[in-house]
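These are the residues of each chain, in order.
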Amino acid sequence: MKNTNSFNQSRRRFLVQLGGLSTLGMLAPSLLVPRQAQAAQHAAQGILTGSHWGAIRATVVDGRFVKAMPFEKDSYPSKIIAGLPDHVHSTARVRYPMVRVDWLRKRHQSDTRQRGDNRFVRVSWDEALDLFYQELERVQTTYGPSALLSSSGWQSTGMFHNAGGMLSRALALHGASVGSGGDYSTGAAQVILPRVVGSMEVYEQQTSWPLVLENSKTLLLWGSDMVKNQQANWWCPDHDVYGYYAQLKEKVEKGEIRVVSVDPVISSTHEYLGRDKVQHIALHPQTDVPLLLALAHTLYSEKLHDSAFLSTYCVGFEQFLPYLNGTTDGQPKDAEWAASLTGIDAQTIRALARQLAADRSQIIAGWCVQRMQHGEQWAWMVVVVAAMLGQIGLPGGGFGFGWHYNGAGTPTRNGIILSGFSGSTATPPRHTSTDFKGYSSTIPIARFVDAMLEPGKVINWNGKKVTLPQLKMCVFAGTNPFHRHQQTNRIIEGWQTLETVISIDNQWTATCRFADIVLPATTQFERNDIDQYGNLSNRGLLGMKQIVPPQFEARNDFDIFRDLCRRFDREQAFTEGLDEMGWLKRIYQDGVKQGKGRGLQLPTFDTFWHERGYIEFNDPKLFVRHQAFRNDPDLEPLGTPSGLIEIYSKSIADLNYDDCQGHPMWFEKAERSHGGPGSAHYPLHLQSVHPDFRLHSQLCESETLRAQYSVAGKEPVYISPEDASARGIRNGDVVRVFNARGQVLAGAVISDCYKPGVIRIHEGAWYNPDRGGVIGALCKYGNPNVLTLDIGSSQLAQATSAHTAIVNIEKYQGDIAPVTAFTGPTEMIAKCDYIPKPEEADAQ
């Protein structure tokens, strides 16, 4: 899940910066045209709309969405769009408002151990929303705002139908509640990097690809898989960035640019650029910081570092040196030391440091590496190595943490950014209490299960003391925490402490199955909206036309929350007197006003909506990340206390955290493969990275897409030939992957892309226990979060540590039960069968 406000603010800040970069010049038209377009051009037929995987033209037959064709402007469409019709018509659709059987009988006094048993009662919309409202009232009046938490996520694109904004506004109109900070994607990096380089970095625009292709001699891919991950973006992607990847491939083949991939596996990007063309440094998982420290040690000991840059643009290098050289702990962080941890020989490490220093080098850092225990240290050390190389702010040099996301590096066009539907409101709430009873009003999102299990516990978080609240009710809209949070059996344990859980979604995800009230929402293909087209490229605006009517009894989030707010006299404040089309007109008109300020003349809304459907912006400009700071650090300081890059941070040191100190360090992990803690029993490192055929858990319900990747009806687990042979596992076998936290079944795929000791199950695979709601049940489909570890990255960020996870694997010998994840409840009980008994009615 992304922090939407942070991304939008970063985007707008970048556009302001871009306005001052006209001296870099505009792109020639030829640079905008992919030189090896892969998509066949076709006539503009079908209904135009957008998605996280690109713009499409939809074919509808007899009221049914049957086919998605790429938008003719998308030269590199994603294969994932083939599954979009299934998203509307899958067997997993939430069709009607549903209430869990025992909760309907006993309400908040229900047996919460029954959550997940898939037994629900169909109710009317009025009854469901009455129950929703009654629970909000009960929790606010009984416990106060500290007992209510809400959350949203990636569910759809579109500036108006934003489930998170609508949820936030509706609940804010009712009363205060617990807020959350951070996200699961970049939780550690987004906290440490502002203290080191003054901004989050992870969602920012990167140096324009034409400048990288022209100036870089070495690209260091560190846990970044651009080719795979750029299929899906926050707003509707244009996929133009793939044209630059094609140009990169040409330059790599000619030997004009060298690419080094630091990754335990051969990634999709590595494969695309050529196995024999990319240097692969297949280090042991979780030993990235020792490798970076050894690179820094080599740069310093061989006098390859840029001392002038360090003295001019950085502070704290002298405080870092004693640790690097081993003065403080007796252990120099040299290549020999790192070799014993990383599995990479010392000569290779030194050669890489020399190569990076020899010419212009761009470090392309992904997000997966910081999703581990002490993930902050890796992000910090990437900056330190880049600073020692002295190329930060130069075209094609320095570092970047967002290259695999939102079309980063595609030059930004002179366009507008639509405002969308805001979750904030100036209208006073129904309940005005702000008494959190000593609990904190905001908690780190990755620690919300901790709050369920350990209310009142005081934790550190980015310089603050946080007292975890005693949660009684959670509301989720457009998100699936059972598939974004770690250690599923711990989630179930925490869920049992809640009195009421409400999920608003369009698919029967595990979060819905473990909810008490489930409300059916429309997909984005059943409503109208407007979207940005192109993300960081800002290529244009896209009209998202409704393709089919709402299916079954599904309602738009807007209509759901409007009806909820009507129950406490806040409907007008929620809607501001506008319906769907009224809001689209307002959002567009706000864009028209913004355009005038940027010298852009947009057509009328009616022309855009009824005739054009798409507006394209022009005048793309080149951009160099951190160039303004390099050119004048006094006039363009970073947002750090010193205004400079902080290799040593006094502000962090003063926090006195033992797991995140004043400079970057290597900390051993709670568990680690390849001889690390716990590896004697669980010798395999589990990667749970982004999937190839979906977005997190979205589209796992697509039978069309699952047919492309599932094995024996299970989520695939990728394993090296050596590890498979040692366990008697063959391609296509159903295997059990397990550790002390849980167990899952998966289908084996033997691949030489994986080094021994490393396996992979893509995150987002739907949880499907063989015993619904039972802690420790066997997941029949293959959700990796049954196996991952739920601990904070450190006291600084308190972010997810999903990639600190070790397991074992064996060929499964038991009976293989059918997967039931992709259908609705196993028991839909008639409401007449659930008239409460007299004693139950009295209890209510």
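How each quantity is defined
- Residues numbered from 1 in each chain as written.
- Predicted model: local features only at pLDDT ≥ 70, side-chain atom pairs only at ≥ 80, totals over all residues.
- Heavy atoms only, no water.
- UniProt positions renumbered as here; feature names shortened; annotations may be inferred.
- Helix = DSSP H or I, 4+ residues; strand = E, 2+ residues; numbered from the N terminus.
- Rg over C-alpha atoms; globule rule 2.2 N^0.38 Å.
- Buried < 20%, exposed > 50% of the residue type's maximum accessible area, 1.4 Å probe, protein only.
- Contact = heavy atoms within 4.5 Å.
- Areas by Shrake-Rupley, 256 points an atom, 1.4 Å probe, with all protein chains shown as cover.
- Pairing = 2+ DSSP bridges.
- Axes fitted to C-alpha atoms, helices over the stretch in contact; angles between N-to-C directions.
- Polar contact = N/O pair within 3.5 Å; in protein donor to acceptor, adjacent residues only side chain to side chain.
- Phe/Tyr/Trp six-rings, centres within 6.5 Å; stacked < 30°, edge-to-face > 60°.
- Salt bridge = Lys/Arg side-chain N within 4 Å of Asp/Glu carboxyl O.
- Parallel < 35°, antiparallel > 145°, perpendicular 65-115°, else oblique.
- Nonpolar A, V, L, I, M, F, W, Y, C, P; charged D, E, K, R; others polar.

The chain appears in an unreviewed UniProt entry as trimethylamine-N-oxide reductase from Pantoea nemavictus. UniProt, in the comment section headed Subcellular location (unreviewed entry), describes the chain in these words: "Periplasm". Quoted verbatim from the Cofactor (unreviewed entry) heading of the UniProt record, the comment on the chain is "Mo-bis(molybdopterin guanine dinucleotide)".

Before going further, it helps to spend a moment on the overall build of the chain. Scanning the chain for helices and strands turns up 30 helices and 33 strands. Rg of the C-alpha trace for the chain: 26 Å, near the compact-globule value of 28 Å for 844 residues, within the 12% margin. Dimensions along the principal axes, computed over C-alpha positions, put the chain at roughly 85 × 65 × 55 Å. Considering the chain as a whole, with its 844 residues, one finds that 65% of them fall into the buried category. When contacts within the chain are restricted to residue pairs at least 6 apart in sequence, long-range pairs at least 24 apart make up 78% of them. Surface exposure of the chain reaches about 28000 Å², of which carbon and sulfur atoms provide 47%.

For the rest of this paragraph, the subject is the sheet that holds strand β9 (residues 258-262). Whenever strands of a sheet pair, they do so through backbone hydrogen bonds, lying parallel or antiparallel. Taken together, the five strands give an open sheet; going across it, the order is β10-β9-β8-β12-β13, and neighbouring strands pair in parallel fashion. Looking at strand neighbours, the two that pair on one side only are β10 (278-281) and β13 (398-400), the edges of this open sheet. Averaged over all pairs of adjacent strands, the angle between strand axes in this sheet comes to 20°, irrespective of strand direction. Note: strand β8 (residues 218-222) against strand β12 (residues 361-365), five bridges, orientation parallel. Along β12, the bridge assignment pairs Leu 220 with Ile 363. Sheet strands in contact with helix α16 (residues 346-358) are β8, β9, β10 and β12, and its direction is about 135° off that of β10.

What follows covers the environment of Glu 72. Tracing the backbone shows Glu 72 in the loop between β3 (64-70) and α3 (84-89). Each C-alpha atom of the pair Glu 72 and Gly 824 lies 36 Å from the other, and the pair is 752 residues apart in sequence. Within the local environment of Glu 72, its side chain forms a polar contact with the side chain of Arg 57, the two groups lying 2.8 Å apart.

Turning our eyes to something else, we now look at helix α14 (residues 317-325). Among all positions in α14, only Phe 317, Phe 320, Leu 321, Tyr 323 and Leu 324 are buried. Summarising the contacts, the buried residues of α14 are in contact with α12 (288-301), α13 (307-313), β11 (314-315) and α17 (375-389). At the C-terminal side of α14, Gly 326 shows a positive phi close to 90°.

Below, the discussion takes up the UniProt feature "domain: Molybdopterin dinucleotide-binding" (unreviewed entry) in the chain. Taken from the UniProt record, the annotation "domain: Molybdopterin dinucleotide-binding" (unreviewed entry) applies to residues 684-804. Regarding residues 684-804, the helix share stands at 11% and the strand share at 23%, and the terminal C-alpha atoms are separated by 11 Å.

Now for the packing of aromatic side chains. Evaluation of the coordinates by the stated rule reveals 44 aromatic pairs. A ring pair is formed by Phe 317 and Phe 320, whose centres lie 6.4 Å apart and whose planes are at 50°; its orientation type is tilted. Of this pair, Phe 317 and Phe 320 both sit in helix α14, three residues apart, roughly one helical turn. Here Phe 320 falls in the buried class, since its relative accessible area comes to 0%. Each ring, one from Phe 605 and one from Trp 609, has its centre 5.9 Å from the other, and the planes form 10°; the classification is stacked.

Here the focus is the sheet that holds β3. Overall, antiparallel pairing links the three strands, which are arranged β1-β2-β3 in an open sheet. Each edge of the open sheet carries a strand with a single partner, namely β1 (47-49) and β3. Taken pair by pair, the neighbouring strands of this sheet meet at an average axis angle of 35°, ignoring direction. Examined bridge by bridge, strand β2 (residues 56-61) and β3 share six bridges and lie antiparallel to one another. Directly across from Arg 57, in β3, lies its bridge partner Met 69.

With that out of the way, let us pick up the pattern of salt bridges. Applying the stated criterion across every chain, the model contains 44 salt bridges. The partner of Asp 450 in a salt bridge is Arg 447, with the nearest N and O atoms 2.9 Å apart. Accessibility expressed as a relative area gives 9% for Asp 450, which makes it buried. When its relative accessible area of 1% is taken as the criterion, Arg 447 is described as buried. One salt bridge in this structure joins Arg 771 and Asp 770, with 3.7 Å as the shortest N-O distance. By relative accessible area, Asp 770 is classed as partly exposed at 38%. What you see here is one network of salt bridges that share partners, running through Asp 126, Asp 130, Arg 555, Asp 563, Arg 566 and Arg 567.

What follows is about helix α20 (residues 488-495). Most of α20 is tucked away: seven of the eight residues are buried. Turning to α20, its buried residues number three or more, namely Thr 488, Asn 489, Arg 490, Ile 491, Ile 492, Gly 494 and Trp 495. Among the structural elements, α18 (448-453), β18 (473-477), α19 (481-484), β19 (500-505) and β29 (742-750) are those in contact with the buried residues of α20.

Below, the discussion takes up the packing of α12 against α14. Running from N to C, α12 and α14 point in directions that differ by 105°, and their axes come no closer than 11 Å. One way to sum up the angle between α12 and α14 is to call them roughly perpendicular. Residue-level contacts link Leu 293, Ala 296, His 297 and Tyr 300 of α12 to Phe 317, Phe 320, Leu 321, Tyr 323, Leu 324 and Asn 325 of α14. Class assignment of the residues belonging to the contact of α12 with α14 gives a composition of eight nonpolar, two polar and no charged.

Right, let's get into the side chain of Ser 751. By the element assignment, Ser 751 lies in the loop between β29 and β30 (758-760). With a relative accessible area of 15%, Ser 751 lands in the buried category. Polar side-chain contacts of Ser 751 include one of 3.1 Å to the backbone nitrogen of Cys 753. Beyond its immediate stretch of four places on either side in the chain, Ser 751 contacts Ile 719, Ser 720 and Pro 721.

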